Amino acid sequence: MKIGLLGYGTVGSAFYAMAIEHPETSDITLLDLKRHDDLTCRQTADFQDILRDESIGTVVELIGGLHPAYEFVSSALKSGKHVVTANKQLVSACYDELIALAEENSVSLRCTAAAGGGIPWLHSLARLAECDRITSVSGIMNGTTNYILSAMTEQGTEYADNLREAQRLGYAEADPTADVEGYDACRKLVLSANIAFGVSIREAEVPCFGISGITAQDIAAFKRLGLVCKLIAHADRAGDQVAACVEPMLFPVSGQMAHVNGPDNLISLHAERVGTQRFAGAGAGGFATASNVLADCFEIMRGCGAFYTSRRDAVSVNNAALTQRYYVRAGEEAASRTMTVAEAHAMADQFKKERKPFFMAAASEER
Ligand code: HSE
């Protein structure tokens, strides 16, 4: 299978190193603005060279971001090339459109690495969704924030120092705003919920509150209460609606969640017959993510010709029924309040608009 590889960053270079070890995936043309003299593959800075080359059957998009990834992926699908991508921003934003394009052109669109890094999470969701009714998906879906929160908890260090380290280690997105504000986890949640529930919810409908406001004092307060803070994405099927949000949550120090450290993810699903299943492992990092990209390439070679699900029922997100207890800190004042998820996120939005120091985290039983 001839591959057009778009991008040679953390994941792109790891994918290249892994793919050339296998004869079936070693024929690669690389698109990058920079020339890499140490590589033996064909290289180009012009996407048209890849698009026009009819012998390239699969495009592996590892540029990230919306543009030009959207233009490259949609024109590759229209030209009858399969696409493998790790780009959660792209697939979440253009979910219906890209699946329809793949269907119209009878090609495959795979994005297993877009959620869970190296964990075959989306793949497992799709398999189970065919034979059982999945009712919830939840967990730690962002490695960068888990790295930051773990380091703050273990070492008592400040947020900003740990964010810099997560960037240096290659866990964070090019613009880490998406990680720390929860947008990255939100995109992974949208993809997970869509595949698990056979729906099409949109990122803009999902309330999202990240960890950029957390301080060492918050962490110390949680420690005194025997609690550990994690950024959690969760979605529940509720009749013909979906409840979904991304927010920091507090877990007992003795529980399983509290022991997921560094850039690891721990994601769970609950299905009516199978019950609860948990998936854990490296949620970020070059080789972890690249392994799922390469596995998608092998699936395409084996003839997997469809998206994970053909169901895309348009449903709305509604969090009005879910009530939780929240730790709320505005300025120096911390308190505990019971609110619906919708009320808590409306309050957080207001503080954000007023640019006032604010942090909140919901109390949780282990999910
Ligand atoms: N920035 C992402 C994370 C990379 O930290 O989880 C993997 O998707």
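As shown above, the structure is provided for reference.
Residues numbered from 1 in each chain as written. Predicted model: local features only at pLDDT ≥ 70, side-chain atom pairs only at ≥ 80, totals over all residues. Heavy atoms only, no water.

**A word on the overall build of the protein**
The secondary structure content of the protein amounts to 13 helices and 14 strands. By the compact-globule yardstick of 21 Å for 367 residues, the protein fits well, its C-alpha radius of gyration being 21 Å. Expressed along its principal axes, the backbone C-alpha trace of the protein runs to roughly 60 × 45 × 35 Å. Going through the 367 residues of the protein one by one, you find that 56% of them count as buried. Of the contacts made within the protein by residues no fewer than 6 positions apart, 70% connect residues no fewer than 24 positions apart. (Helix = DSSP H or I, 4+ residues; strand = E, 2+ residues; numbered from the N terminus. Rg over C-alpha atoms; globule rule 2.2 N^0.38 Å. Buried < 20%, exposed > 50% of the residue type's maximum accessible area, 1.4 Å probe, protein only. Contact = heavy atoms within 4.5 Å.)

**Considering the sheet that holds strand β1 (residues 2-6)**
The strands that make up a sheet are held in pairs by hydrogen bonds between backbone atoms, and each pair lies either parallel or antiparallel. Read across the open sheet, the six strands follow the order β3-β2-β1-β4-β5-β6; overall the sheet is parallel. Here the strands that pair on one side only, and so sit at the sheet edges, are β3 (42-44) and β6 (109-110). (Pairing = 2+ DSSP bridges.)

**Thoughts on the pattern of salt bridges**
Should the charged atoms of two oppositely charged side chains come close, the side chains can pair. Inspection of every chain in the model, using the stated rule, returns 17 salt bridges. Put simply, E173 and K88 hold a salt bridge, and the shortest N to O gap is 3.1 Å. With E173 in the loop between α8 (159-168) and α9 (177-180) and K88 in helix α4 (residues 88-93), this residue pair connects regions lying 85 residues apart in the sequence. We note a salt bridge from E354 to K356, for which the minimum N-O separation is 3.0 Å. (Salt bridge = Lys/Arg side-chain N within 4 Å of Asp/Glu carboxyl O.)

**Concerning unusual backbone geometry**
The omega angle of the peptide bond from H67 to P68 is 10 degrees, so this bond is cis rather than trans. Phi angles above zero are rare outside glycine, and R355 is one such case at about 55 degrees. As for its position among the elements, R355 is in the loop between α13 (341-353) and β14 (358-363). For R355, a relative accessible area of 78% gives the class exposed.

**Quick word on the packing of aromatic side chains**
On inspection of all chains with the given rule, the structure shows 10 aromatic pairs. For the ring pair Y95 and F307, a centre distance of 5.6 Å and an interplane angle of 80 degrees mean the geometry is edge-to-face. Of this pair, Y95 sits in helix α5 (residues 95-104) while F307 sits in the loop between α12 (286-301) and β12 (323-330), and the two are 212 residues apart along the sequence. This pair shows no difference in class: Y95 is buried, exactly as F307 is. Ring centres 6.1 Å apart and planes at 45 degrees place the aromatic pair F209 and F359 in the tilted group. On the criterion of sequence distance, the pair formed by F209 in the loop between α10 (183-197) and α11 (216-224) and F359 in strand β14 is long-range, its members being 150 residues apart. When sorted by exposure, F209 lands in the same class as F359, which is buried. The cationic tip of R110 hangs over the ring face of Y308; the distance from NZ or CZ to the ring centre is 4.0 Å. (Phe/Tyr/Trp six-rings, centres within 6.5 Å; stacked < 30°, edge-to-face > 60°. Lys NZ or Arg CZ within 6 Å of the ring centre and 35° of its normal.)

**Quick look at the environment of V60**
Within the secondary structure, V60 is located in strand β4 (residues 56-61). Under the relative-accessibility criterion, V60 is labelled buried at 0%. Placed 21 residues apart in sequence, V60 and L39 show a C-alpha to C-alpha distance of 17 Å. Leave out the neighbours within four places in its chain, and V60 touches I3, G4, L5, L6, F15, V84, V293 and C297.

**Brief notes about α8**
All of the buried residues along α8 are Y159, N162, L163 and A166. Across the axial projection of α8, the buried residues extend over an arc of 105 degrees, all falling on one side. Looking at α8, the residues exposed on the side facing more than 90 degrees away from the buried face are R164 and R168. Elements that come into contact with the buried residues of α8 comprise α7 (143-155) and α9. Two residues or fewer after α8 comes G170, characterised by a positive phi angle close to 80 degrees. (Arc of directions from axis to C-beta.)

**Observations concerning the site of the ligand**
Lining the immediate surroundings of the ligand are K88, N142, G143, T144, Y171, A172, E173, D179, D184, K188, G283 and A284. Residue T144 places a side-chain N or O atom 2.6 Å away from an oxygen atom belonging to the ligand. Look at the ligand: alone it shows 260 Å² of surface, and the protein chains cover 95% of it. Most atoms of the ligand, that is more than half of them, are within 2 Å of grid points of the largest pocket. At the level of elements, α7 and α10 are the ones that each hand at least two residues to the shell around the ligand. For the shell around the ligand, a count of residues per class yields three nonpolar, four polar and five charged. (Near = heavy atom within 4 Å. Polar contact = N/O pair within 3.5 Å; in protein donor to acceptor, adjacent residues only side chain to side chain. Areas by Shrake-Rupley, 256 points an atom, 1.4 Å probe, with all protein chains shown as cover. 1 Å grid on protein atoms, 1.4 Å probe; cavity = no way out; pocket = protein on both sides within 12 Å on 5 of 7 lines; lining within 4 Å. Sits in = over half its atoms within 2 Å of the grid points. Nonpolar A, V, L, I, M, F, W, Y, C, P; charged D, E, K, R; others polar.)

**Quick look at the sheet that holds strand β13 (residues 333-340)**
Overall, mixed pairing links the eight strands, which are arranged β11-β10-β7-β8-β9-β14-β12-β13 in an open sheet. Each edge of the open sheet carries a strand with a single partner, namely β11 (275-282) and β13. Within the sheet, the average angular offset between the axes of one strand and its neighbour, ignoring direction, is 30 degrees. Here β12 pairs with β14 via five bridges, running antiparallel. Bridge assignment links R329 to a residue of β14, and that residue is F359. On top of the sheet, helix α6 (residues 121-129) reaches β7 (134-140), β10 (264-271) and β11; it is set at about 5 degrees to β10, its chief contact. The sheet strands contacting α7 are β7, β8 (227-238) and β10, and the helix crosses β8 at an angle near 150 degrees. (Axes fitted to C-alpha atoms, helices over the stretch in contact; angles between N-to-C directions.)

All quantities given are derived from atomic positions and should not be read as evidence of function.
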